[in-house]
Amino acid sequence: MTDVREETAALLDNRPGLADDLRTLVDVDREQDVWTFDETPLDSGTFGELVSRGIATESENGYRLADRHAVRVALGDAEPERTPDSATAGLRERFAVSNIPGHVLAAVVGCLLVVVAFRVFVYPRVFRGEHVVLLGNDPYYYRYLVFSMLDSGAGTLDVPAQIATGEPLLVALLVAVTRAFGGSTSVAELVLAWYPVFAAVGSAIICYFLAVTLSRDRRVGLASLLILAVLPVHGYRTALGFADHHALDFLWLGVVALAAVRTLPARTKFEWRSQLPWAAVLAAGIAAQAHSWNAAPLLFVPFVAYAVVRSAALVRSGDSLRADILLIVGVGTGGLLAVAGHLVLGWQSPNIVVPPILAAAAMAFAVGMAALTRRLDWPAWVASVLAAGSGVLTLGVVVMIEPSFGAELSQEFSRLVGMSGSNIVETRSLFSTDYGLLAGPIFFYGTALLFALPAGAWAFYVKFDNPRWLLTASYGLVLFGLAVTQVRFTGELSLFVAVFAGFAFVYFLAVVDITDPPQLFADSTPREADDRALRSFTLPERRTLVSLGLAFLLVGGLGTMMTPLRTNTIVPADDTYEAAAWMEDEVQSPEWTSDQQYVFSTWGQNRLYNAFVSGDSRSYGYARTNYEQFLNATNSRGWYERLRNRAAFIVADEDYASGYDAAKLASRLADWGSGTGHYQAVWAGGSKTVYTLVPGATIRGTTDANATVTVTHEGAVSGQPFTYERTTTAAANGTYTVRVPYAGEYDIAGTAVEVPEDAVQNARQVNVSAA
């Protein structure tokens, strides 16, 4: 009420002759739920000013007064009052979540259902019988940590040491939710599987409100929400079962971005009462963000980029220097909360929790430089130069005081730009040749990035003086730079791609004459426009609806195809699951001991196999370091000696054998272990073959001197017939020995030799002459 009353009073101060017309408008508003411009006594200019000031707002089928009682108070026709209803309305108004027309709410819910649909279509491949099969490799790490805490009875905040500097808040939240629903490991599996979907819905809702807050146009909000629903990188990173840390990171990033934008003024007027709650949300979000990912400091860089540009904007626009106070306070307080979490809980290192405080200091310096530049009447760009210089100086002082901070900063920078040679996909560039120079962005964003980039550039340049747009554009610019460096940041960028692409899409619809331009282009005085004067929409006719659908194919059509395809690439294949399930059952037999349950495989699936077989999916480090060497090896016995006291199973995949010559272990294992004496195939399905290591039986016989001897065994594994073959050369005296891994009958130059099982398991010798 207060804002409407003040705006009405200000308008009457400038144009006292409007009082009678406003009284007539109050009567019209009392008699009708909504009204049109033609039903008012106002001219178009005055009517536009009422809308721009937020005195009148657009609703479903027309307009209405934002607060009729406030207008009457400003006219002197009523006493100020604040009933519980109006207090609640005021609070809802501050958070921009009230008065959503029914058809808009239905559209939002519909878009959220699309978000869910594009993330849960893998349900049958996640929930397989008694198993919950997570997507990808890293989610099994968090599964291990959650299960460990539940089994040990550790306190919810007493996260394992190995995750205390990493993603401690994620693990603590997963454990807390699991315990809230009973605390069993079966519940934990459900929580792990479903958490990304709930995080996706949360970040999608935030995307809608961020887009509406910036554009004051619900059409832009809906377009952004629907684009986010089908963005491939957001879709697969928040898919059912992909219980990685990224889904939670997206949620905190959205909370921080929305809260930060809402602490900034929509108008030149500083409105601390409506912005203060958002500063509290911002502080909490910053602290949560710092404790959710050890790369979180990079997500605070947009505040620094914003500060440098904002200092020049403050000088050029002449806006109040108090406009950024709540943003600075929110970020700084969030940093203090993050430091408190470190001191009390032992979470993260100082180098992770201190950066928000440094970002707040950088923003404060920027405001100070803007004040100095104004006072000395220097050009606006000088403020940015001084702000950047003061930031570098501050960083230098911090490094001098705490050298470890500088060392870790240097290490992280090297890691960020120097890992292009890594075989981890996440460290590749968005424009890596592995994806294709131009195909990479499409692989992650469809065509949405093509719409978002020009809109982001427009926001950074044209909306330079609007702090809300400038901060959002700073987020987009910094995260785009990080994504170009490493694709692990493409998901974080997705929120801003959706917002800018949504805005560009609505503008495109106006260009092709399907709808009106975004609300910003309709404002007569956009810098003074009230963000609560939202543009809504009416339900389109069928013909228009078809046009909208066809137009959306340009920005989201490719995403609707790429999202399922990209998600399916991280869904464990049927043969992978079946191999894991078979090994899980096999190790239940008495001959297997707990210290002989490691599965040796390609590192990308190593955690999944070990989660099934032993539950120990802490690391894929051994597999990543050694498996490729193992495949390239020619000395099969040497690797047997290395692995026999460590690995229960070895998983070979014939898809990996095509690049290796016949002498390498990869090719031998693709041929049922032929040419080796210690690798026994015990399960086969699809492209996978599971081997166990056995001592092997030794077949000994005599033949011609220096003759070539070939032993052949016909067998079957998992119902699949196979032929095992091994060749050796007799000695000068005609004797030969050959080690074989299978029990059963062998053929040696027409002679049948029976090898018993205990000979294979105990390295016994079988003589050909005695057969």
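Residues numbered from 1 in each chain as written. Predicted model: local features only at pLDDT ≥ 70, side-chain atom pairs only at ≥ 80, totals over all residues. Heavy atoms only, no water.

## A short note on the overall build of the protein chain
Secondary structure assignment for the protein chain yields 32 helices and 15 strands. Counting only residues that meet the buried cut, the protein chain has 55% of its 771 residues in that class. A separation of at least 24 residues holds for 72% of the contacts in the protein chain among residues at least 6 apart in sequence. Carbon together with sulfur atoms contributes 58% to the accessible area of the protein chain, which is approximately 31700 Å² in total. (Helix = DSSP H or I, 4+ residues; strand = E, 2+ residues; numbered from the N terminus. Buried < 20%, exposed > 50% of the residue type's maximum accessible area, 1.4 Å probe, protein only. Contact = heavy atoms within 4.5 Å. Areas by Shrake-Rupley, 256 points an atom, 1.4 Å probe, with all protein chains shown as cover.)

## Examining the nonpolar core
In this structure, V171, F303, L327, Y445, Y475, F496 and F649 are the most contacted members of the largest nonpolar core, which totals 169 residues. Considering each element in turn, this core owes the most residues, 18 residues, to helix α11 (residues 185-215). Contact partners of Y475, with chain neighbours within four places excluded, come to L253, V256, A257, L299, P302, F303 and F496. Core analysis: the second largest hydrophobic core is formed by 46 residues, F630, L665, L669 and V717 among them. (Core = buried A, V, L, I, M, F, W, Y, C linked by side-chain atoms within 4.5 Å.)

## Concerning the sheet that holds strand β12 (residues 735-740)
Strand pairing in a sheet relies on backbone hydrogen bonds, with the paired strands running either antiparallel or parallel. Read from one edge to the other, the open sheet built from three strands follows the order β12-β9-β15, with strand pairing classed as mixed. Only two strands of the sheet have a single neighbouring strand rather than two, namely β12 and β15 (765-767). Sheet twist, expressed as the mean angle between neighbouring strand axes with direction ignored, is 25°. As judged from the three bridges shared by strand β9 (residues 697-702) and β15, these two strands associate in the parallel manner. Across the sheet, R700 pairs through a bridge with N767, a residue of β15. (Pairing = 2+ DSSP bridges. Axes fitted to C-alpha atoms, helices over the stretch in contact; angles between N-to-C directions.)

## A closer look at helix α10 (residues 168-180)
For α10, with 13 residues, the first-to-last C-alpha span of 18 Å sits near the 18 Å given by 1.5 Å per residue. Turning to α10, its buried residues are P168, L169, L170, V171, A172, L174, V175 and T178. Looking at the buried side of α10, the elements it contacts are α8 (139-152), α9 (161-164), α11, α14 (246-263) and α15 (272-290). Phi turns positive, to about 125°, at G182, one or two residues after α10. (Expected span 1.5 Å × (residues − 1).)

## Regarding the environment of G136
Topologically, G136 is positioned in the loop between β4 (131-132) and α8. Separated by 472 residues in the primary sequence, G136 and L608 place their C-alpha atoms 8.2 Å from one another. Non-local contacts of G136, meaning those with residues more than four positions away in its chain, are made with F242 and I570.

## Some details on a negative patch on the surface
On the surface, E714, E745, D747 and E754 cluster together into a negatively charged patch. The residue E754 is located in strand β14 (residues 751-755) in this model. Owing to a relative accessible area of 48%, E754 belongs among the partly exposed residues under this scheme. (Patch = residues over 30% accessible without salt bridge, like charges linked within 9 Å, V, L, I, M, F, W, Y side chains within 5 Å. Salt bridge = Lys/Arg side-chain N within 4 Å of Asp/Glu carboxyl O. Lys, Arg positive; Asp, Glu negative; His and termini not counted. Charge placed at Lys NZ, Arg CZ, Asp CG, Glu CD.)

## Observations regarding the confidence of the model for the protein chain
Put simply, the protein chain has an average pLDDT of 85, and 88% of its residues get 70 or more. Per-residue pLDDT stays below 50 along residues 81-98; that stretch engages in 23 contacts with residues further than four places along the chain or on separate chains. Low pLDDT (under 50) marks residues 523-533, which in the prediction has 35 contacts with non-local residues, meaning those over four places away or in another chain. (pLDDT = per-residue confidence, 0-100.)

## Quick notes on the sheet that holds strand β11 (residues 720-729)
Within the open sheet, the four strands sit side by side as β11-β10-β13-β14. Their pairing is antiparallel. Edge positions in the sheet fall to β11 and β14, since each of these pairs with one other strand and no more. Strand after strand, the sheet turns through a mean of 25° between neighbouring axes, direction not considered. Alignment of strand β13 (residues 744-748) against β14, held across five bridges, turns out to be antiparallel. Across the sheet, residue G744 finds its bridge partner in β14, namely V755.

## Let's talk about unusual backbone geometry
The backbone phi angle of R216 is positive, close to 55°, even though this residue is not glycine. Position of R216 among the secondary structure elements: in the loop between α11 and α12 (218-229). Positive phi, close to 60°, is recorded for A763, a residue that is not glycine. Residue position: A763 is located in the loop between α32 (757-762) and β15.

## Remarks on helix α30 (residues 636-643)
Of all the positions in α30, only S636, W639, Y640 and L643 are classed as buried. For α30, the angular spread of buried residues about the axis comes to 110°, placing them on one side. Looking at the packing, one finds that the buried side of α30 touches β5 (598-600), α29 (621-632), β6 (647-653), α31 (665-670), β7 (679-685) and β8 (688-693). Two or three places before R637, at the opening of α30, N635 has a side-chain oxygen 3.4 Å from that residue's backbone nitrogen. (Arc of directions from axis to C-beta. Polar contact = N/O pair within 3.5 Å; in protein donor to acceptor, adjacent residues only side chain to side chain.)

## Quick notes on the side chain of D465
The residue D465 is located in the loop between α23 (448-461) and α24 (467-485) in this model. A distance of 3.1 Å separates a polar atom in the side chain of D465 from a polar atom in the side chain of R316.

## Thoughts on the pairing of β13
Sheet topology note: the strand β10 (residues 708-717)/β13 ladder contains three bridges and is antiparallel. Bridge pairing in β13 links H713 to Y746. Counting the residues between successive antiparallel strands, the hairpin from β13 to β14 contains two residues, one of them, A749, with a positive phi of roughly 50°.

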